[in-house]
Every structure is written in structure tokens, then in C-alpha cells.
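As a plain string of letters, each chain reads:
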Amino acid sequence: MNRFDYIRPQSVAEAVAEASVPGSAYLAAGTNLLDLMKVGVTKPQRIVDVTRLPGLGAIEWQEDGGVRIGAMVRNADLAYDERFQRTFPSVAEALLSGASAQLRNAATVGGNLMQRTRCAYFQDLASACNRRVPGSGCDALGGENRLHAVLGWSEHCIATHPSDFCVPLVAFDAVVEVEGPHGVREIELDALHTLPGSTPEQETVLEPGEMIVALRLPADAAAFAGNARYLKLRERTSYAFAVVSAAAALAPESGAIGEARIALGGVATKPWRAREAEAFLKGKAPTAEAFSRAAAVALSEARPSGDNEFKIELARRIVARALHLAWEGTPATMPALPASPFAVTSGASHVA
Ligand code: SF4
């Protein structure tokens, strides 16, 4: 482990000033950063610990029905908040499908948005990785890449974004509030993460020193509460990143689909909103054929980046399945294995 300075600021303004010094990194729960520091993937010279900053740990309901979530709210606290489960059930389902119970108890909302890819080559210093060392190449191309991206990738990077939480968030037009050296600004979550292009080392639009202080879900996302699901296929149901996942939400209107929201996880370098598939479903009858065709639209630009063509069909199926389940209605109780297509709702332990 490299030596580093440890700084514990007393305010957001002080944190931003400290983190604006080159070589600094924000530390929240550290569930990703500390792992990367231990293996030498990242070597910050200054750690700015924001876990004890005041004012970042609240879930605040807005007058219009939207919610503002402080960046330091723990994933488990948000997922088990009864009003949050009732209002945004598919987001709670996604949260409870991520990581392990221990990690969810520690990991923060802001940290979840900023987590790095789990591409094995990224974490292996002996491998070439453009994201870790710009211009060094990409050993995942032509390597072990069956879990890599089929959407949004470039010849410089084919890694997937690992978050479950971000998938329904991006479908519901979540917004992040950011404070930085030049003031306060808001960024749509869909615009926070960038595609790799020729600069995969640049993962978000955040400027040096900028810090996420809160996340907002708008009131109109709550209108989907009765018909929203998140489904996740993983190689180990208890604890693994998504091979493919899908968030689907529908607003019924006179027996048809008034509005649809669809996003995918595990398939692209960022949480992937499927807007064309959403537009396709507007006004359609909720049939298996319509869901299947919407899923095809969602994956129409997918192409394998290696040994992963199977993910395209798998993703189509999980989108169609998520749409079907969303139309059936959000279960009154959270499935015992949240987000698993193999879960049944009997034996559920969480109130949705
Ligand atoms: Fe690095 Fe991206 Fe290639 Fe993985 S896919 S080795 S993260 S450049």
C-alpha cells in the first residue's frame, strides 16, 4: 500500500477544497476504493473522508412527492425505508439485489454511483488496460470477455458498468446534485456516466474536486409504483454482478400502455436507457408480442465485443420478462430473492 494523507473535513465546502488538490480521492464507505487501493489499481496521495460530513445522510420527501436522498445514505437504509419501498419499489428491488447484506449496510448512495468497473483486467496490474493506464491497450479484447459489454463499447474499452441501483434510477430520470470548486450544479444521471470512446479513463462528467451531495427522484417516477420491476440474472444468486439486468415500469392507460420506462444493466459501459423501446410501447396493448418486440428494439444496436453474443438474446429475454412482470403488477411484498427471475414472492420478508 502506498502512503497517503488522510483528511477529515468538517463541511462540504472544506471537502471540495481539499479534494480539488491534484492526487486526491473522496472516501465514503470505501467498499470499492479500498479494494482498488489494496491491489494498486488506484494510488491517491490524499484521501478526503466525507463519511462524517453533516447534512448528507437524510432521505427527504419533497412536497410534490419526489424524494431527495443524501449521498451518505447507506444502501440498506434506503432499500428498507418503508415509504421508499412503497413509492419506488423497483429501485428498492435493485438495491437489495446488489452486493451482499454486509456491503449494503456500509455502501453509500453516492459511492454506488461512482463505483468502478469490475473488469478483471482492470484490476490486474499485469494486464493492459486503457481505463487504468491510458494508451496501454485492452487485454479484455480477445481475452476472457464473455461478461463484457454488447452496447456502447469501443475498441478502447468493452467493460460493463457494475451498478444495479443505477439501472432503475436512469429509467426514472434521476438527477444528481453536485458541489464543486465552481459552485453547485445538477446532472441528469443518464449524463453522469460517459461512454468509453477513445478516452475510457474518463468515466463521468465530474470535474476534479466535484462531489455528489444528493440524488433526486422526481415525483412522476412515483406514478409507476404499481407496475415496476427490476430483474437480474447473475452467475450466483446470493452475491454477484449482473450478467444482464433490466428495469421495467409501465403506466397503464385504459387497458393499454400509456407510458413505459426501460433500462438495462450488465450490458453496457454505463446504465443503459432504452428510449426507443419505451416509445415503441406507448399506446400498445400489453401483449407478449409487444413486450418481445420492444425488447428487440432495446437490443437492436447490440453487437458482441467478444465471446458474449449470448448476452444479447439473454438481455432481450430479461427485458421482455421484466415488462411482463411489471404489467402484472408490483408484488405487495418484495421477493425473498430480490431481482431474481427465479424468486417467488411467497416467503417474502420485506414489505414493498
Ligand atoms: Fe481495461 Fe476496459 Fe479493457 Fe477492461 S475492457 S481491460 S477496463 S480497457
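These notes cover the structure that comes with them. (Residues numbered from 1 in each chain as written. Predicted model: local features only at pLDDT ≥ 70, side-chain atom pairs only at ≥ 80, totals over all residues. Heavy atoms only, no water.)

Concerning the overall build of the protein
To be explicit about the condition: We count a stretch as a helix when DSSP gives it H or I for four or more residues in a row; a strand needs E for two or more, and each element gets its number in order from the N terminus. We take the radius of gyration over the C-alpha atoms and set the globule estimate at 2.2 Å times the residue count to the 0.38 power. Only protein chains enter the area calculation, which uses a 1.4 Å probe; residues under 20% of their type maximum are buried, those over 50% are exposed, and those in between are partly exposed. Here, residues are in contact when the closest pair of their heavy atoms is within 4.5 Å. Surface accessibility in these figures is a Shrake-Rupley result with a 1.4 Å probe; residues are shielded only by whichever protein chains are displayed. The charge count treats Lys and Arg as positive and Asp and Glu as negative. His and the chain ends do not count. Lys charges are placed at NZ, Arg charges at CZ, Asp charges at CG and Glu charges at CD.
Helices and strands together make up the secondary structure of the protein, namely 12 helices and 14 strands. The globule rule puts the C-alpha radius of gyration for 352 residues at 20 Å, and the 20 Å found for the protein is close to it. Buried residues in the protein amount to 54% of all 352 residues. Within the protein, contacts between residues at least 6 apart in sequence are counted, and of these 64% link residues at least 24 apart. Element-wise, carbon and sulfur atoms account for 50% of the exposed surface of the protein, whose accessible area totals about 15,000 Å². Measuring between centres, the 34 positive side-chain charges of the protein sit 4 Å from its 39 negative side-chain charges.

Section: helix α11 (residues 288-298)
What counts here: Within this analysis, the arc is defined by the directions that extend from the helix axis to the C-beta atoms.
Among the residues of α11, those classed as buried are A290, F291, A294, A295 and A298. The buried residues of α11 occupy one face: seen down the axis, they fall within an arc of 135°. Exposed residues pointing more than 90 degrees away from the buried face of α11 are listed as A288 and E289. Residues of α11 that are buried sit in contact with β10 (242-253), β11 (256-265), α10 (275-281) and α12 (310-328).

Description of the site of the ligand
To keep things clear, this is the line we draw: It suffices for a single heavy atom of a residue to lie within 4 Å of a molecule or strand for the residue to be listed as near it. Detection works on a 1 Å grid of protein atoms alone, calling trapped sets that fit a 1.4 Å probe cavities and calling open sets with protein on both sides within 12 Å along at least five of seven lines pockets, with lining residues defined by an atom within 4 Å of a point. Being in a pocket or cavity means that more than half of the molecule's atoms lie within 2 Å of its grid points. Each residue gets one label: Ala, Val, Leu, Ile, Met, Phe, Trp, Tyr, Cys and Pro are nonpolar, Asp, Glu, Lys and Arg are charged, and the others, such as Gly, are polar.
Neighbouring residues of the ligand: 14 residues in total, closest C119, C129, C138, C157 and I158. More than half of the atoms of the ligand fall within 2 Å of the grid points belonging to the largest cavity. Its residues assigned to classes, the shell around the ligand comprises 10 nonpolar, three polar and one charged.

Let's talk about unusual backbone geometry
Of note, the phi angle at A99 is positive, near 55°, even though the residue is not glycine. Judged by its relative accessible area of 29%, A99 is partly exposed. For D173, which is not glycine, the phi torsion reads 60° and is therefore positive. Counting through the fold element by element, D173 comes out in the loop between α8 (166-171) and β6 (175-180). What makes D173 partly exposed here is its relative accessible area of 30%.

Quick look at the nonpolar core
Threshold: Residue types Ala, Val, Leu, Ile, Met, Phe, Trp, Tyr and Cys, when buried and joined through side-chain atoms within 4.5 Å, form a set referred to as a nonpolar core.
Counting 54 residues, the largest nonpolar core has F84 and L113 as its most contacted members. Broken down by element, the residue count for this core peaks at six residues, all from strand β8 (residues 211-217). The contacts of L113, once residues within four sequence positions are left out, are H161, F165, C166, L169, V176, L189, L192, H193, I212 and L215. Counting 36 residues, the second-largest nonpolar core is a separate cluster that includes A246, L264, A274 and L323.

Points about the sheet that holds strand β2 (residues 24-27)
Across a sheet, paired strands are connected by hydrogen bonds in the backbone, their directions being either parallel or antiparallel. The following threshold applies: Strand pairing is assigned whenever DSSP detects at least two bridges linking the two strands. In this analysis an axis means a line fitted to C-alpha atoms, helices contributing only their contacting stretch, and an angle means the value between N-to-C directions, from 0 to 180 degrees.
As summarised here, the arrangement of the three strands in space is β1-β3-β2, forming an open sheet in which the pairing is parallel. Each edge of the sheet is formed by a strand with only one pairing partner; in this case those strands are β1 (5-7) and β2. The average angle at which neighbouring strand axes cross in this sheet is 25°, direction not considered. Strand direction decides the pairing type here: β2 and strand β3 (residues 46-49), joined by four bridges, are parallel.

Observations regarding α12
Just so we agree on the cut-off: Multiplying 1.5 Å by the helix residue count minus one yields the expected span of that helix.
With 19 residues, α12 ought to run about 27 Å at 1.5 Å a step, and its terminal C-alpha atoms sit 27 Å apart, in line with that. Within α12 the residues assigned to the buried category are K311, I312, A315, I318, V319, A320, A322, L323, L325 and A326. Residues of α12 that are buried sit in contact with β9 (228-234), β10, β11, α10 and α11. Looking one or two residues past α12, G329 carries a phi angle of roughly 120°, positive in sign.

Comments concerning the sheet that holds β8
Read from one edge of the open sheet, five strands run β4-β5-β8-β6-β7, paired in antiparallel fashion. A strand with exactly one partner marks an edge of an open sheet, and here the two such strands are β4 (59-61) and β7 (183-188). Sheet twist, expressed as the average angle between the axes of neighbouring strands with direction ignored, equals 20°. Pairing of β4 with strand β5 (residues 67-70), which is carried by three bridges, proceeds in the antiparallel orientation. Each residue of the ladder has a partner; that of W61, found in β5, is V67. Across the face of the sheet, helix α1 (residues 12-19) comes into contact with β6 and β8 while running at roughly 125° to β8.

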